4 protein chains.
Amino acid sequence: MTYRIPDSLIAEQNAAGAAALADDYSALGRQLERRGLDIEAITTKVVDFAVAVPTWGVGTGGTRFARFPGPGEPRGVFDKLEDCATIHQLTRATPTCSPHFPWDKVRDTGELAERAKALGIGFDAVNSNTFQDQPGQPLSYKFGSLTHASKAVRDQAVAHNIECIAIGEKLGSKALTVWIGDGSNFPGQSNLNRVFDWYMESLAQIYASLPRDWRVFLEHKLNEPAFYSTVIADWGTSLMAAEALGPQAFCLVDLGHHAPNVNIEQIVSRLIRVGRLAGFHFNDSKYGDDDLDAGSIDPFRLFRVFNELVDAAERGAPGFDPAYMLDQSHNVTDPIESLMDSAIEVQRAYAQALAVDRAALADAQEASDVMLGRRLLKAGFVTDVSPILAEARRRGGGAIDPLATYRASGYRTRKAEERPAAAGSSSGIV
Amino acid sequence: MTYRIPDSLIAEQNAAGAAALADDYSALGRQLERRGLDIEAITTKVVDFAVAVPTWGVGTGGTRFARFPGPGEPRGVFDKLEDCATIHQLTRATPTCSPHFPWDKVRDTGELAERAKALGIGFDAVNSNTFQDQPGQPLSYKFGSLTHASKAVRDQAVAHNIECIAIGEKLGSKALTVWIGDGSNFPGQSNLNRVFDWYMESLAQIYASLPRDWRVFLEHKLNEPAFYSTVIADWGTSLMAAEALGPQAFCLVDLGHHAPNVNIEQIVSRLIRVGRLAGFHFNDSKYGDDDLDAGSIDPFRLFRVFNELVDAAERGAPGFDPAYMLDQSHNVTDPIESLMDSAIEVQRAYAQALAVDRAALADAQEASDVMLGRRLLKAGFVTDVSPILAEARRRGGGAIDPLATYRASGYRTRKAEERPAAAGSSSGIV
Amino acid sequence: MTYRIPDSLIAEQNAAGAAALADDYSALGRQLERRGLDIEAITTKVVDFAVAVPTWGVGTGGTRFARFPGPGEPRGVFDKLEDCATIHQLTRATPTCSPHFPWDKVRDTGELAERAKALGIGFDAVNSNTFQDQPGQPLSYKFGSLTHASKAVRDQAVAHNIECIAIGEKLGSKALTVWIGDGSNFPGQSNLNRVFDWYMESLAQIYASLPRDWRVFLEHKLNEPAFYSTVIADWGTSLMAAEALGPQAFCLVDLGHHAPNVNIEQIVSRLIRVGRLAGFHFNDSKYGDDDLDAGSIDPFRLFRVFNELVDAAERGAPGFDPAYMLDQSHNVTDPIESLMDSAIEVQRAYAQALAVDRAALADAQEASDVMLGRRLLKAGFVTDVSPILAEARRRGGGAIDPLATYRASGYRTRKAEERPAAAGSSSGIV
Amino acid sequence: MTYRIPDSLIAEQNAAGAAALADDYSALGRQLERRGLDIEAITTKVVDFAVAVPTWGVGTGGTRFARFPGPGEPRGVFDKLEDCATIHQLTRATPTCSPHFPWDKVRDTGELAERAKALGIGFDAVNSNTFQDQPGQPLSYKFGSLTHASKAVRDQAVAHNIECIAIGEKLGSKALTVWIGDGSNFPGQSNLNRVFDWYMESLAQIYASLPRDWRVFLEHKLNEPAFYSTVIADWGTSLMAAEALGPQAFCLVDLGHHAPNVNIEQIVSRLIRVGRLAGFHFNDSKYGDDDLDAGSIDPFRLFRVFNELVDAAERGAPGFDPAYMLDQSHNVTDPIESLMDSAIEVQRAYAQALAVDRAALADAQEASDVMLGRRLLKAGFVTDVSPILAEARRRGGGAIDPLATYRASGYRTRKAEERPAAAGSSSGIV
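Residues numbered from 1 in each chain as written. Chains lettered and ligands numbered in written order. Predicted model: local features only at pLDDT ≥ 70, side-chain atom pairs only at ≥ 80, totals over all residues. Heavy atoms only, no water.

- An unreviewed UniProt entry lists chain A under the name L-rhamnose isomerase/sugar isomerase, with Roseiarcus fermentans given as the organism.

This is the structure we're talking about:
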């Protein structure tokens with residue numbers, strides 16, 4: 001039996017913070033009421049909000065220069081599931097995890113499904129991996145995978161994606177996320193048009209293998225690991241591909257995969273408009289695909305993204321059903337702490353967006369009252385919704401202060417004892 | 001009678017440079033032959049290449065801080081035509097000009113067409129202007145034009161575009177370029193989805209007014225004059241709009257309208273692929289929409305764009321028929337000198353792209369021979385094609401050294417005398 | 001007699017909001033107390049905080065494409081003073097204004113000083129202008145001013161700066177801000193080292209004219225209006241110049257004058273370290289020098305800057321005495337509304353930085369507890385300090401809700417009547 | 001005995017290309033003469049030009065996602081020396097290599113020095129490594145090295161640098177390059193000022209250990225591996241540190257370590273001006289620190305850097321003595337091919353800068369003749385100096401076409417046979 005945080009500890013910790021929370025929640029409720037907003041309506045929506053955690057995210061990430069693992073690293077997918085379950089236990093915000101293959105491949109997929117069920121965790125989108133070579137792999141992806149000049153390599157990559165779907169079906173997933181590192185480092189290395197031919201050819205085969213109730217999420221990225229061109233570099237290319245594939249293909253937005261200065265929330269708005277928004281890989285970044293914790297660098301940007309999502313939900317945009325996932329690289333923090341914190345920051349942005357008076361905002365926009373429109377939006381962001389988030393956790397049986405409770409539990413120390421041989425755990429970072 | 005450079009001066013100047021050119025051209029011919037390339041085939045294509053000049057480009061441009069006009073500024077469209085004709089006379093590369101309305105609006109459009117014809121100049125795409133308020137204009141574009149919240153403003157902007165088409169028909173144009181400054185400076189100022197509704201609604205009306213043999217060019221831009229969001233901010237949005245409008249709508253690429261680091265040549269490749277590349281506004285930039293002279297900052301990027309164009313032409317990409325235009329702001333140079341130089345730099349990139357051994361390149365790419373592929377491409381760029389460009393001009397009756405000949409003619413000094421009242425000439429810069 | 005907002009209106013408006021403010025302020029006080037912070041200590045510091053407004057900021061700004069003036073534009077510096085006084089009246093945060101010459105030059109500087117005094121407004125740093133040509137100016141700044149290749153032009157620009165100091169002395173200013181547009185648009189246009197020689201030579205002359213108790217603020221900027229190189233492009237160059245000049249030279253930080261992605265707060269930290277931080281031109285930006293309202297695009301960045309300032313103040317950094325000024329271009333808002341809002345957003349960042357538990361933060365940093373350190377900092381930012389800001393205004397006689405009170409007063413409509421001839425008012429934007 | 005390319009093969013290959021080279025060289029000589037330039041003077045300078053190769057560069061590099069090694073990877077520093085010698089043998093441009101410790105640490109440094117000497121290779125600057133943890137290392141650099149909050153960690157890092165100097169002395173090096181990955185991923189993780197205190201404290205100790213005739217090169221970098229702040233993030237910070245340390249401290253410029261859009265050649269100009277330019281890590285990049293082959297992405301930028309270097313050399317800038325090194329990550333090419341090509345591209349930029357008529361350029365700049373100045377500079381870049389580079393190699397005993405000769409030799413295949421156990425070779429990339 002491995003260690004799990006006892007619910008009694010959570011209850012005990014919560015008891016200590018209950019009075020302060022009640023005071024803050026009540027004061028915020030009065031303030032929101034004066035602004036014409038109902039705190040309970042917001043809290044209810046926050047309770048219902050969920051974001052998936054990536055199985056690979058519970059291991060320490062790294063850069064091309066180094067990786068510095070921490071104690072108690074998960075040794076395989078079963079350990080990872082346990083950590084994912086702990087994140088959900090404390091935050092009540094992450095009921096599912098998103099697996100990555102072959103990293104999470106096991107001999108008995110049924111056993112994996114069972115274990116997750118026992119831990120109270122479901123499975124979100126499955127992720128394929130054709131950006132690394134695996135031991136014993138017949139052909140290399142050094143010069144590409146789904147867009148390699150060699151048909152044999154493309155076939156191998158296609159087959160892997162189809163296998164991911166098969167595993168995902170056993171796990172109860174309903175989507176496949178396809179991110180490739182394909183591209184080129186130098187002008188002249190590849191023909192920019194030809195590689196897109198191959199992308200479409202490969203994706204069409206994968207698409208043909210999708211079950212009826214599945215979706216495929218195409219993930220674009222400006223650069224890295226390719227440093228001159230990336231085959232699916234931007235949302236325009238991603239949309240072009242999705243529309244050519246068919247109604248089950250959608251475009252995934254990772255917040256760190258864009259050129260500097262780009263207005264991401266407008267891209268989100270455009271994809272919603274054409275009914276092709278797959279969902280998100282949430283994280284934050286200052287320079288590139290930094291994969292930092294969500295909301296840690298530009299929380300106002302995260303809020304603006306959620307402003308588009310709430311706007312779309314409230315106007316009933318057709319086909320609007322985004323999948324939310326965290327996708328981060330935890331290089332210098334305890335991954336469990338980072339994922340808990342990030343799930344909360346994503347909720348924060350959502351709650352702030354719910355704290356906007358949308359009717360008044362629409363009126364100001366209609367009147368070209370720039371100052372009023374902008375202040376109405378900012379009012380949502382400035383609101384300290386922390387009491388709402390804590391109350392939502394408390395009501396769901398989670399911790400008022402997940403970080404404090406986690407630290408009080410000694411979970412990591414216990415795991416460091418339980419997981420001695422953490423030598424070569426996969427540390428993938430997408 | 002206004003001053004025009006006598007052909008005798010060109011001939012005289014050319015005579016002085018003929019021997020050197022012959023030596024250089026011959027040496028380059030031998031080198032290309034050793035590389036399996038035929039210099040005459042390249043020269044012929046260069047002779048046939050043309051790029052339009054913008055009428056507003058012959059006036060001195062400026063920034064929001066200041067504008068510093070030079071002597072002999074054109075006082076109106078008739079003076080502008082004269083300068084455009086001079087550019088073509090010396091370079092033989094710019095047989096058409098692109099007018100901008102209402103800047104170039106005259107009472108008698110027929111007179112304008114006559115004058116151009118007499119000068120040997122044709123008309124390229126017409127440009128509408130709804131990013132400025134004109135004296136006496138009923139409604140302001142301060143908060144938008146084709147996407148303004150007020151229908152009356154949108155109608156006014158639509159009507160202006162339709163008028164531009166009407167004028168253009170009289171001038172022999174076959175395309176309308178639509179660039180708007182619409183967007184927002186602050187989050188909350190406008191609803192990002194709603195303004196796109198209005199864009200589509202307005203464009204549909206303009207599109208319905210297009211003659212059968214016309215095209216409409218949609219020009220996207222990341223930012224400026226709007227500094228938070230731009231309605232048509234990127235090629236993805238531009239393509240979304242073009243596809244919704246119909247087969248006469250195309251996407252225009254201005255080299256300075258992208259986010260930092262973006263791979264522009266790949267965007268060109270994608271637009272060619274879907275048959276929606278309108279063409280180009282050529283210029284160069286280091287920071288943003290700097291509107292510097294073509295090829296002055298990143299000539300290798302310009303070459304890579306032409307590599308895509310030559311590749312598309314040689315593979316016979318369906319619907320491939322791009323319009324080429326310069327669009328620059330000449331703040332510190334004599335605009336005529338800048339436009340001559342820029343036309344030549346665009347030709348240079350074209351000739352360099354023609355100096356690539358494409359069969360060998362395709363083989364290297366097929367074999368994933370990264371180093372060979374990249375060297376084969378770079379070999380085209382490294383080639384000093386100056387003798388080809390000079391020879392193409394010489395054969396067409398232009399100047400071997402247009403700058404030297406222009407300066408020798410004293411054209412600018414003459415114009416400074418002929419055009420005394422150059423007070424308020426329009427200095428638009430798009 | 002021109003219209004001024006009656007204090008009775010402010011009192012009336014405040015009465016309506018007093019109870020809500022009291023509730024919010026009290027709830028926040030309890031929360032801060034639980035976090036070990038004293039709300040009154042923060043409020044007191046906010047009351048003492050001041051930021052200067054630029055005289056040119058009260059006119060509508062524009063871009064190189066267009067300027068769309070609003071009603072009641074100030075017709076000259078006396079109107080501007082009035083608007084500046086109104087901003088201070090409502091916000092109690094902007095007791096001084098910063099004049100720009102020759103825009104604000106009057107025949108009788110004494111009259112200007114008198115008028116400001118009567119309005120309760122003082123003068124901050126004076127700004128010189130050698131980036132535009134003025135009517136009747138003997139030599140042009142088209143190719144540079146303090147760094148022009150011609151000594152005569154440099155001398156003219158130096159003399160103008162010395163005149164600015166002389167005017168500033170009469171106004172009670174204690175600093176000269178020098179921003180130049182000098183640089184180049186093309187590689188080869190100027191010798192990058194030679195122009196810096198000239199900069200130092202010119203600045204040395206200006207420095208020699210500084211009164212003993214004055215400072216000169218050197219303002220760097222990456223680009224615009226020069227689009228290839230700017231002579232004082234970054235803080236490294238600015239510091240190099242300041243150190244060569246002497247102890248009265250300091251480096252000014254404008255938040256929009258940096259390359260994309262740059263960590264501005266670290267630059268602030270470095271300049272504080274060497275005792276050379278002049279102060280700030282506050283504004284916000286998404287793309288470049290957008291000159292948007294402070295805190296409107298990246299409020300967390302503004303907070304991080306203030307985190308450095310509070311840190312420096314609390315550790316008693318030697319020579320730490322920054323000057324705070326807003327420097328924005330109000331293109332689509334009422335400039336008075338924008339400047340009020342911006343002053344408040346700057347205060348907000350300051351108050352949030354004061355709401356950080358710095359002792360605990362230092363402990364977490366010492367222990368390399370990354371998650372705790374970051375959460376302690378973020379806790380300050382997440383705090384909704386609005387009640388503190390409103391209370392500080394209320395105590396100083398300002399408006400609880402400046403925007404509502406301003407609009408209720410009808411100030412702008414009155415000014416539109418009083419200032420009929422607002423044709424050619426200067427709309428400088430730096 | 002391991003395989004080395006026989007000089008006879010080089011001679012044989014050169015014989016085949018000699019006639020073409022003679023024709024091209026002669027034609028270029030005539031053209032340059034017409035432009036007032038002496039080809040022999042340029043060729044002589046190119047012959048004398050040298051750039052160091054990094055020992056770690058001969059192994060295949062990678063990204064955080066994957067590394068795809070090639071055949072015949074060097075298994076240790078002795079193999080690396082051999083590859084470095086081969087690069088020099090064919091290009092005659094890379095007489096020295098730059099070692100990295102502990103990667104290149106051997107028991108008997110004397111043996112290493114002997115082996116290099118036998119191969120005709122010298123040693124350039126030594127590089128320390130405190131951005132990774134080594135097996136058995138007592139303290140971790142996860143949270144910093146020279147700037148870690150713990151003095152014990154800082155001491156360990158200082159000691160390592162001092163050891164590097166000691167090894168370097170035995171190898172004949174005269175400089176230590178210090179690049180650290182220290183910084184933070186999140187606001188609040190560290191105190192931006194405090195970490196700089198520690199940097200200065202640590203560097204002062206290292207500096208005190210420098211032999212009199214040594215220099216220390218401080219290398220700045222904007223981001224990566226730290227993604228919020230980097231302690232030595234820019235040239236301003238680097239210069240601040242160098243000046244505080246003393247006359248033996250200099251600032252190293254890596255072309256990929258800057259923010260987007262930054263004008264690198266102007267930074268070079270500024271560092272030359274204050275006599276603190278250490279030299280370069282040459283590479284190229286499109287997005288960030290991509291570490292692509294020199295000249296492969298923006299060859300005009302590389303040329304502009306060399307324009308500053310030639311300008312400084314010709315004006316005799318005091319203390320001007322830069323060290324040149326390649327620093328690249330070869331992820332998809334044969335590292336030997338990439339390093340040969342890159343050394344040649346660096347030479348190309350140098351030769352192009354020598355092909356500028358500097359007297360005429362200075363005159364044009366003095367006259368503010370923007371167009372002429374820019375064309376004179378560009379004329380150097382447009383010149384195809386390939387014949388000069390090939391001739392310089394030929395005269396030195398190298399290959400006219402190094403890539404062709406290298407491939408003809410079968411060197412890589414031989415090495416794949418000779419170096420069977422290439423399992424865990426270090427693949428560092430800085």
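**Observations regarding the overall build of chain A**
Okay, so step 1: Helix and strand counts for chain A come out as 15 helices and 11 strands.
Okay, so step 2: Taking 22 Å as the expected radius of gyration for a compact globule of 430 residues, we find that chain A reaches 22 Å, a close match to that expectation.
Okay, so step 3: Taking all 430 residues of chain A together, 69% fall into the buried category.
Okay, so step 4: Each charge class in chain A was averaged separately, 43 positive and 55 negative side chains, and the resulting centres sit 1 Å apart. (Helix = DSSP H or I, 4+ residues; strand = E, 2+ residues; numbered from the N terminus. Rg over C-alpha atoms; globule rule 2.2 N^0.38 Å. Buried < 20%, exposed > 50% of the residue type's maximum accessible area, 1.4 Å probe, protein only. Lys, Arg positive; Asp, Glu negative; His and termini not counted. Charge placed at Lys NZ, Arg CZ, Asp CG, Glu CD.)

**Focus on the packing of aromatic side chains**
Each aromatic ring pair is characterised by the separation of its centres together with the angle its planes make.
Residues and elements named next belong to chain A.
Okay, so step 1: Tallied over the entire structure, the rule returns 82 aromatic pairs over all chains.
Okay, so step 2: Between Phe-303 and Phe-381, the aromatic rings sit 5.4 Å apart at their centres with planes inclined by 50 degrees, giving tilted as the arrangement. With Phe-303 in helix H9 (residues 299-315) and Phe-381 in helix H12 (residues 370-382), the pair connects residues that are 78 residues apart, well separated along the chain.
Okay, so step 3: A residue is classified by how much of its surface remains accessible, and Phe-303, at 0% relative accessible area, is buried. (Phe/Tyr/Trp six-rings, centres within 6.5 Å; stacked < 30°, edge-to-face > 60°.)

**Considering the interface of chain A and chain B**
Okay, so step 1: Residue-level contacts link 52 residues of chain A with 52 residues of chain B.
Okay, so step 2: Linking chain A with chain B are 2 salt bridges, by the criterion used here.
Okay, so step 3: The salt bridge partner of Asp197(A) is Arg273(B), with a shortest N-O separation of 2.8 Å.
Okay, so step 4: Counting every contact that joins chain A to chain B gives 20 residue pairs in polar contact (both at pLDDT 80 or more). (Contact = heavy atoms within 4.5 Å. Salt bridge = Lys/Arg side-chain N within 4 Å of Asp/Glu carboxyl O. Polar contact = N/O pair within 3.5 Å; in protein donor to acceptor, adjacent residues only side chain to side chain.)

**Comments concerning the sheet that holds strand E2 (residues 96-98) of chain A**
All names here are of chain A.
Okay, so step 1: The parallel open sheet is built from 3 strands, whose spatial order is E1-E2-E3. With partners counted over all chains shown, the strands left at the sheet margins are strand E1 (53-54) and strand E3 (122-123), one partner each.
Okay, so step 2: Relative to E3, E2 is paired through 2 bridges, and the arrangement is parallel. Residue pairing across strands places Thr-96 opposite Gly-122, the latter belonging to E3. (Pairing = 2+ DSSP bridges.)

**Quick look at the nonpolar core**
Okay, so step 1: One finds Phe282(A), Phe282(B), Phe282(C) and Phe282(D) to be the most contacted residues of the largest nonpolar core, which totals 472 residues.
Okay, so step 2: Phe282(A) has contacts with Val51(A), Leu255(A), Ala294(A), Leu302(A), Phe306(A), Tyr324(A), Met325(A), Leu326(A), Asp327(A), Gln328(A) and Val346(A), leaving out every residue within four places of it along the chain. (Core = buried A, V, L, I, M, F, W, Y, C linked by side-chain atoms within 4.5 Å.)

**So, the environment of Ala175(C)**
All names here are of chain C.
Okay, so step 1: Relative to the assigned elements, Ala-175 resides in strand E5 (residues 175-178).
Okay, so step 2: A residue is classified by how much of its surface remains accessible, and Ala-175, at 5% relative accessible area, is buried.
Okay, so step 3: Residues Ala-175 and Leu-210 lie 35 residues apart in sequence; the distance between their C-alpha atoms is 8.6 Å.
Okay, so step 4: Dropping the residues within four chain positions of it, Ala-175 is found in contact with Ala-125, Val-126, Trp-214, Arg-215 and Phe-217.

**Side note on helix H14 (residues 402-409) of chain C**
Okay, so step 1: Listed as buried for H14(C) are Pro402(C), Leu403(C), Thr405(C), Tyr406(C) and Ser409(C). In a view along the axis of H14(C), the buried residues occupy a sector of 165 degrees, so they form one face of it.
Okay, so step 2: Tucked inside the fold, the buried residues of H14(C) contact H12 of chain A together with helix H1 (7-34), helix H3 (77-91), helix H10 (335-354), helix H13 (386-396) and helix H15 (411-418) of chain C.
Okay, so step 3: One or two residues past the end of H14(C) sits Gly410(C), with phi positive at roughly 70 degrees. (Arc of directions from axis to C-beta.)

**Here's the deal with the relation of the copies chain C and chain A**
Okay, so step 1: Under the fitted operation, chain C is carried onto chain A by 0.0 Å of movement along the axis and a turn of 180 degrees, and the coordinates agree to an RMSD of 0.0 Å. Given the turn and translation reported, the copies of this chain are related as if by a two-fold rotation axis. Relative to the rotation axis, the C-alpha of Asp384(C) is the closest in chain C, positioned 2.7 Å from it. (Least-squares fit on C-alpha atoms with pLDDT ≥ 70 in both.)

**Things to note about the pairing of strand E11 (residues 323-326) of chain C**
Residues in a regular strand point their side chains to alternate faces of the sheet.
All names here are of chain C.
Okay, so step 1: Of the two faces of E11, both are covered, the one formed by Ala-323 and Met-325 as well as the one formed by Tyr-324 and Leu-326.
Okay, so step 2: Bridge count for strand E10 (residues 277-282) against E11 is 4 bridges, and the pairing is parallel. Bridge pairing in E11 places His-281 opposite Met-325.
Okay, so step 3: As for the winding sense of the linkage, the β-α-β connection from E10 through helix H9 (residues 299-315) to E11 is right-handed. (Right-handed = clockwise from strand over helix to strand, strands pointing away.)

**Observations concerning the sheet that holds strand E2 (residues 96-98) of chain D**
Residues and elements named next belong to chain D.
Okay, so step 1: Reading across the sheet, the 3 strands line up as E1-E2-E3 and stay open at both edges, with parallel pairing between neighbours. Edge positions in the sheet fall to strand E1 (53-54) and strand E3 (122-123), since each of these pairs with one other strand and no more.
Okay, so step 2: Bridge count between E1 and E2: 2 bridges; the pairing is parallel. Along E2, the bridge assignment pairs Val-53 with Cys-97.

**So, the interface of chain C and chain A**
Okay, so step 1: Taken together, the contact pairs 43 residues of chain C with 43 residues of chain A.
Okay, so step 2: Approximately 3700 Å² of surface area, both sides summed, lies buried where chain C meets chain A, with 45% of it carried by carbon and sulfur atoms.
Okay, so step 3: For the chain C face of the interface with chain A, the top three residues by lost area are Asn261(C), Lys286(C) and Met371(C), together amounting to 16%.
Okay, so step 4: Inspection of the region where chain C meets chain A yields 18 salt bridges. (Buried area = accessible area lost by both parts, 1.4 Å probe.)

**Description of the pattern of salt bridges**
Okay, so step 1: If you walk through the whole model with that rule in mind, you get 156 salt bridges over all chains.
Okay, so step 2: Between Lys378(C) and Glu345(A) there is a salt bridge, with its nearest N and O atoms 2.8 Å apart. Note that Lys378(C) is positioned in helix H12 (residues 370-382) and Glu345(A) in helix H10 (residues 335-354), a pairing that runs across two chains. Assigned by exposure class, Lys378(C) and Glu345(A) land together as buried.
Okay, so step 3: Arg374(D) is paired through a salt bridge with Asp341(B); the nearest N and O atoms lie 2.7 Å apart. Residue Arg374(D) is located in helix H12 (residues 370-382), and its partner Asp341(B) is located in helix H10 (residues 335-354); the two belong to separate chains. Side by side, Arg374(D) and Asp341(B) carry an identical accessibility label, which is buried.
Okay, so step 4: Here the salt bridges share partners, and the residues they tie into one network are Arg75(A), Asp79(A), Glu82(A), Asp83(A), Arg115(A), Lys415(A), Glu418(A) and Arg419(A).

**Concerning helix H7 (residues 235-245) of chain B**
Okay, so step 1: Burial within H7(B) is extensive, with 9 of its 11 residues counted as buried.
Okay, so step 2: Inspection of H7(B) places Trp235(B), Gly236(B), Thr237(B), Ser238(B), Leu239(B), Met240(B), Ala241(B), Ala242(B) and Leu245(B) among the buried residues, and these make up the whole buried set.
Okay, so step 3: Residues of H7(B) that are buried sit in contact with helix H7 (235-245) and helix H8 (264-273) of chain A together with helix H6 (192-208), strand E7 (215-219), strand E9 (249-254) and helix H8 (264-273) of chain B.
Okay, so step 4: In the stretch just after H7(B), Gly246(B) is the one whose phi turns positive, near 140 degrees.

**Things to note about the packing of helix H9 (residues 299-315) of chain D against H12(D)**
Relative placement of two packed helices is described by the angle separating their axes and the distance separating the axes.
Residue and element names in this part refer to chain D.
Okay, so step 1: Running from amino to carboxyl end, H9 crosses H12 at an angle of 115 degrees, the nearest separation of the two axes being 11 Å. Handedness of the crossing formed by H9 with H12: right-handed. Contacts from Pro-299, Phe-300, Phe-303 and Asn-307 of H9 reach H12 at Leu-377, Lys-378, Gly-380 and Phe-381. (Axes fitted to C-alpha atoms, helices over the stretch in contact; angles between N-to-C directions. Left-handed = near helix turned anticlockwise from the far one by under 90°.)

**Some remarks on the pairing of E10(C)**
Okay, so step 1: With 6 of 6 residues buried, E10(C) is to be regarded as a mostly interior element.
Okay, so step 2: The parallel pair strand E9 (residues 249-254) of chain C and E10(C) is bridged by helix H8 (residues 264-273) of chain C, and the resulting crossover is right-handed.

**Describing the packing of helix H1 (residues 7-34) of chain B against helix H2 (residues 39-48) of chain B**
Residue and element names in this part refer to chain B.
Okay, so step 1: Interaxial distance between H1 and H2 falls to 9 Å at its minimum, and their mutual angle equals 120 degrees. Counted together, Tyr-25, Leu-28, Gly-29 and Leu-32 of H1 and Ile-39, Glu-40, Ile-42 and Thr-43 of H2 form the full contact between these two elements.
Okay, so step 2: Among the residues making up the contact of H1 with H2, the classes are represented as 5 nonpolar, 2 polar and 1 charged. (Nonpolar A, V, L, I, M, F, W, Y, C, P; charged D, E, K, R; others polar.)

**What to know about the environment of Met325(A)**
Residues and elements named next belong to chain A.
Okay, so step 1: Here Met-325 lies in strand E11 (residues 323-326).
Okay, so step 2: Spatially, the C-alpha atom of Met-325 lies 9.1 Å from that of Thr-96, the residues being 229 residues apart in sequence.
Okay, so step 3: Beyond its immediate chain neighbours, meaning those up to four positions away, Met-325 contacts Val-51, Ala-52, Pro-54, Trp-56, Ser-98, Phe-280, His-281 and Phe-282.

**Digging into unusual backbone geometry**
Okay, so step 1: For the peptide bond that leads from Phe101(A) to Pro102(A), omega is 10 degrees, which places it in the cis range.
Okay, so step 2: In this structure, Pro225(D) follows Glu224(D) across a cis peptide bond, with omega equal to 10 degrees.
Okay, so step 3: Its identity as a non-glycine residue notwithstanding, Ser368(B) has a phi of 50 degrees, on the positive side.
Okay, so step 4: Looking at where Ser368(B) falls in the secondary structure, it is placed in the loop between helix H11 (358-366) and helix H12 (370-382).
Okay, so step 5: In this model, Asn261(D) sits at a positive phi of 75 degrees, which is unusual for a non-glycine residue.
Okay, so step 6: Take Asn261(D): it is sitting in the loop between strand E9 (249-254) and helix H8 (264-273).

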